[in-house]
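# Tertiary structure, described
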Amino acid sequence: EMSFRGRLEVNLLNLGASFSVRSKKGRWKTLHSCSFEDTNLQLMGSTGGSGTARMEFRSSRSGDQVDIHLCAFKSGGKTSDTTTYDRFDIDTGQYLKRVAGGKAKSDIA
């Protein structure tokens, strides 16, 4: 059975984007939101499935986790102006660590 576990939404009413995941229990949790001004539109794409955003799901002893290709994520008190690849706990929504990006002056690929 195929089921969607991640989604990237563009909110045209409030002009922003959000990155959400669904736990194995079926609950959706938003892990990150950003304003339209801070949204990297290449992550979104112009049609469904055409963007460069990626979510990689994994299971570990401590629970389910997801690595997400994000834009404008705030870590260490500073918002990144490039895209980053960050890890979150799916059940709690807790930020775990930066996997890649955020230090360079360019987006990750």
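Everything in this summary refers to the structure shown in the same document.

Reading the values: the criteria
- Residues numbered from 1 in each chain as written.
- Predicted model: local features only at pLDDT ≥ 70, side-chain atom pairs only at ≥ 80, totals over all residues.
- Heavy atoms only, no water.
- Helix = DSSP H or I, 4+ residues; strand = E, 2+ residues; numbered from the N terminus.
- Contact = heavy atoms within 4.5 Å.
- Areas by Shrake-Rupley, 256 points an atom, 1.4 Å probe, with all protein chains shown as cover.
- Core = buried A, V, L, I, M, F, W, Y, C linked by side-chain atoms within 4.5 Å.
- Buried < 20%, exposed > 50% of the residue type's maximum accessible area, 1.4 Å probe, protein only.
- Pairing = 2+ DSSP bridges.
- Axes fitted to C-alpha atoms, helices over the stretch in contact; angles between N-to-C directions.

Here the focus is the overall build of the protein chain. A count of helices and strands for the protein chain gives 1 helix and 9 strands. Reading the secondary structure of the protein chain in the N-to-C direction produces β-β-β-α-β-β-β-β-β-β. Counting contacts in the protein chain only where the partners sit at least 6 residues apart, residues at least 24 apart contribute 36% of the total. Carbon and sulfur atoms form 48% of the exposed surface of the protein chain, whose accessible area is close to 7,100 Å².

To continue, consider the nonpolar core. Membership of the largest hydrophobic core is limited to 11 residues, which are Ala17, Phe19, Val21, Leu31, Cys34, Val66, Ile68, Leu70, Cys71, Phe88 and Ile90. Counting residues per element, the ones that place at least two in this core are strand S2 (16-22), strand S3 (28-35) and strand S5 (63-70).

This next bit is on the environment of Leu31. Locating Leu31 in the fold gives a position in strand S3. Not counting chain neighbours up to four residues away, the residues in contact with Leu31 comprise Phe19, Ser20, Val21, Val66, Ile68, Phe88, Asp89 and Gly93.

On to the side chain of Asp67. With respect to the helices, strands and loops of the structure, Asp67 is situated in strand S5. For Asp67, a relative accessible area of 1% gives the class buried.

Another aspect to go through is the sheet that holds strand S8 (residues 84-89). One open sheet holds the 4 strands; their spatial order is S4-S5-S8-S9, and the pairing between them is antiparallel. At either end of the open sheet lies a strand with only one pairing partner, and these are strand S4 (55-60) and strand S9 (95-101). In this sheet, adjacent strand axes meet at a mean angle of 20 degrees when their direction is disregarded.

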